[in-house]
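Fold and contact review
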Amino acid sequence: TALDLVIRGGTVVTAADSYRADVGVRGGRIAAIGDALTGAETIDADGLLVLPGGIDAHVHLDQPTSDGTVMADDFASGTRSAAAGGNTTVLPFALQIRGQSLRACVEDYHRKADGRCHTDVSFHLIISDPSPQVLGQELPALVRDGYTSFKVFMTYDDLVLNDAQLLDVFEVARRERALVMVHAEGHDAIKHLTRRLEAEGRTAPYYHGQAHAQIAEREATHRAISHAQLIDLPIVIVHVSGREPMEQIQWARARGLKVHAETCPQYIALTADDLRGLNMDFEGAKYVCSPPPRDTDSQAAIWQGLRDGTFDLFSSDHCPFRFEGPADTGKNNPRARTSFRWVPNGIPGVETRLPILFSEGVSKGRITLQRFVALTSTNPARLYGLYPQKGSIAVGADADLTLWNPTLTRRIRQADLNHGCDYTPYEGLEVTGWPVRTLLRGRAIALDGVPMAEPTGTYLPRGTSEAFAQAGHGLAPPP
Ligand code: URP
Ligand code: ZN
Ligand code: ZN
Ligand code: ZN
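Per-chain numbering applies: the sequence of each chain, read as written, is numbered from 1 onward. The lettering of chains begins at A and the numbering of ligands begins at 1, in the order of writing. Where totals are concerned, whole chains, interfaces and linings use all residues; where local detail is concerned, this predicted model gives features only for residues with pLDDT of at least 70, and gives and counts side-chain atom pairs only at 80 or more.

1. A short note on the overall build of the protein
Quick reminder of the rule: Note on conventions: DSSP H or I runs of at least 4 residues are helices, E runs of at least 2 residues are strands, and numbering of each starts at the N terminus. For the radius of gyration, the atom set is restricted to C-alpha positions; the globular benchmark scales as 2.2 Å times the number of residues to the power 0.38. Put plainly, a residue is buried at 20 or more neighbouring C-beta atoms within 10 Å of its own, exposed at 12 or fewer, and partly exposed in between, counting only other residues' C-beta atoms, which are placed from the backbone. By the convention adopted here, residues make contact when the C-beta atoms placed from their backbones lie within 7 Å.
In terms of regular secondary structure, the protein is built from 12 helices and 18 strands. In terms of C-alpha radius of gyration, the protein reaches 21 Å, essentially the compact-globule figure of 23 Å for 479 residues. For the protein, the spread of C-alpha atoms along the three principal axes comes to 70 × 55 × 40 Å. A total of 479 residues make up the protein; the buried ones form 57% of that total. For the protein, contacts bridging at least 24 residues in sequence account for 78% of all contacts bridging at least 6.

2. Thoughts on the environment of D168
On the secondary structure map, D168 appears in helix 4 (residues 163-176). Classification of D168 as partly exposed rests on a count of 19 C-beta atoms within 10 Å. Along the primary structure D168 and H192 are separated by 24 residues, whereas in three dimensions their C-alpha atoms are 27 Å apart. If we ignore the near neighbours within four places in the chain, the residues touching D168 are P130 and L135.

3. Some details on the nonpolar core
For clarity, the threshold we go by: In this usage, the nonpolar core is the set of buried Ala, Val, Leu, Ile, Met, Phe, Trp, Tyr and Cys residues whose C-beta atoms join them within 7 Å.
Within the largest apolar cluster, 144 residues are counted, with the highest numbers of intra-cluster contacts made by V50, V169, V180, V182 and I237. Top element by residues in this core is helix 12 (residues 369-383). It accounts for 7 residues. Setting aside anything within four residues of it in sequence, one finds I237 in contact with V182, A184, T221, A224, P245, I249, V259 and A261.

4. A few points about the site of ligand 1
Rules: A residue counts as near a molecule or strand when its C-beta atom, positioned from the backbone, falls within 6 Å of it. Under the grouping applied here, Gly and all other residues not named as nonpolar or charged are polar, the nonpolar ones being Ala, Val, Leu, Ile, Met, Phe, Trp, Tyr, Cys and Pro and the charged ones Asp, Glu, Lys and Arg.
If you check the shell around ligand 1, you find H60, H183, H239, C289, S290, D317, C319, N345 and G346 and nothing else. Tallied by class, residues from the shell around ligand 1 come to 2 nonpolar, 6 polar and 1 charged.

5. With respect to the pairing of strand 10 (residues 149-153)
Two faces belong to every sheet, and in a regular strand the side chains alternate between them. Definition in use: Pairing between two strands is assigned when DSSP locates at least 2 bridges connecting them. By the criterion used throughout, a crossover qualifies as right-handed when its path from the first strand across the helix to the second strand runs clockwise, the strands pointing away from the viewer.
Judged by how many residues are buried, strand 10 sits mostly within the fold: 5 of 5 residues are covered. On strand 10, burial covers both faces: S149, K151 and F153 on one face and F150 and V152 on the other are all buried. In the sheet, strand 9 (residues 124-126) pairs with strand 10 via 2 bridges, with the strands oriented parallel. The partner of I126 across the bridge, within strand 10, is K151. Viewed along the sheet, the connection from strand 9 through helix 3 (residues 132-144) into strand 10 turns out right-handed. Relative to strand 11 (residues 179-183), strand 10 is paired through 5 bridges, and the arrangement is parallel.

6. With respect to the environment of K331
Assignment of secondary structure puts K331 in the loop between strand 14 (313-314) and helix 11 (353-363). Residues K331 and P320, 11 residues apart in the sequence, show an inter-C-alpha distance of 9.5 Å. If sequence neighbours within four positions are ignored, K331 has contacts with A285, K286, F321, R322, F323, A336, V343 and P344.

7. Description of the environment of G463
Along the chain, G463 turns up in the segment after strand 18 (450-451). For the pair G463 and E247, spaced 216 residues apart in sequence, the C-alpha separation works out to 31 Å. Setting aside its immediate chain neighbours within four residues, G463 contacts T148 and G385.

8. A few points about the pairing of strand 5 (residues 49-52)
Neither face of strand 5 is left uncovered, since the one carrying L49 and L51 and the one carrying V50 and P52 both have all their residues buried. One ladder, built from 2 bridges, connects strand 1 (residues 3-13) with strand 5; its direction is parallel. Within strand 5, the position partnered with V12 by the bridge is V50.

9. A closer look at helix 3
Using the following cut-off: In a helix, the anticipated span is given by 1.5 Å times the number of residues less one.
Compared with the 18 Å implied by 1.5 Å per residue over 13 residues, the 18 Å span of helix 3 between its first and last C-alpha is a close match. Considered for burial, the residues of helix 3 that qualify are V134, E138, L139, L142 and V143. Downstream of helix 3 by a residue or two, G146 has a phi angle that is positive, lying close to 100 degrees.

10. A look at the confidence of the model for the protein
Interpretation of this model should avoid reading the predicted coordinates in detail wherever pLDDT is low. Filter applied, for reference: Per-residue confidence from the prediction method is given by pLDDT, with values spanning 0 to 100.
Per-residue confidence for the protein gives a mean pLDDT of 96; residues scoring 70 or more make up 97%. Here residues 472-479 is modelled with pLDDT under 50, and outside its nearest four sequence neighbours on either side it reaches 13 contacts, counting other chains as well. For this predicted complex, the interface confidence score (ipTM) comes to 0.93, while the overall pTM stands at 0.97.

11. Re helix 11
Of all 11 residues making up helix 11, 10 are buried, and the element is well covered by its neighbours. Buried residues along helix 11 sit in contact with strand 6 (54-59), helix 9 (266-269), helix 10 (296-308), strand 14, helix 12 and strand 16 (430-440).

Here it is in structure tokens:
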């Protein structure tokens, strides 16, 4: 029973502890945690943190856009980038196109992903067409096959569900014990503000931030919470941008409702002013995402929420569109020059998520190391049905480990990144703390920011979310 690999002398960090220990790996799993372990191979981790591999529970890869814009990352480049950034698992979306069978959609994404992934992957299902067939047959069967989370949208013309449809999906999710992620922005309010801004000639990318007002996000957040309460369903409000929607989540929690929340790097490292670009010019398109970054007051609220447990999850919402072409299909397309309405929504960030939260959070003393691990690995594993195989450092778990140098200071540079995008919204940001080695089931998938050539990731069917088991948010046990 010799060990294949020993990671020697590092500081092991979990969501609960940090302590000096050797970590022994056998057959791709953690086989021992102890002192003076020996194995066939040894990695010296002296001075390094040994973290459970990052789990990015919100990334978009190879998703088609209704206007024909091609995403900058497919499953190969997106997962290479993820690995270089210290992640061992990512959860991209399988997006149902209206009229499409959900099963056909899932098979389509398997074809895109199979054999090409550098991290492990598992799909959330985006439900854009909750037909009787989808609700009655396809969703229940897919949940049983391990697709245990859905995303629904309250805005975007080609994805928006009305309240009746949201309630229908929620009801199926409760019955099948699937976790629903909600994109909470009020569609009609955004459309109204967009038309008004355009009529006033306010068409620069900056005005995207005004059209996607925080009030519209707050209203939709409350509406999603109310619908979930009616159905008695736990939900996740994803990409929460600021103080107003946070207050709704806190309101719900105070009443015992099972509402979980996610936030993202753009809400701590960017503000609405970034959308101004150089002088209200088109450079601002590089920062257009939904919900958009807010102000410094909201940033402060987000930090408080990361500390106090308002947020369970810190994900990238990696959604990369090139700034230049190709063939005018990126951010900088001719139609987008006429109005912010046509700028593809989304920014890259799968490779920079962990360094940004570590540096701005742990290195600057805003959150603890344990909280960092909880937000970026343990909680996503628990909420999305991957625990205890993923998300912790424990005997029996997959040997998904990120060796982290907590004192290495670097500047984020597009030239150093591995994504398919041609810019980073965080260009020049100085960060302290960097992943120096990423191991997936004991094998290196990235070294010093360089991904390995061979894709060794696998697809992960998932179990039921712990949101259905945890006491304390007031959910009645299912009948
Ligand atoms: O602007 C964003 N975030 N685009 C990605 C799609 C989404 O809503 O998460
Ligand atoms: Zn969204
Ligand atoms: Zn929670
Ligand atoms: Zn997203």
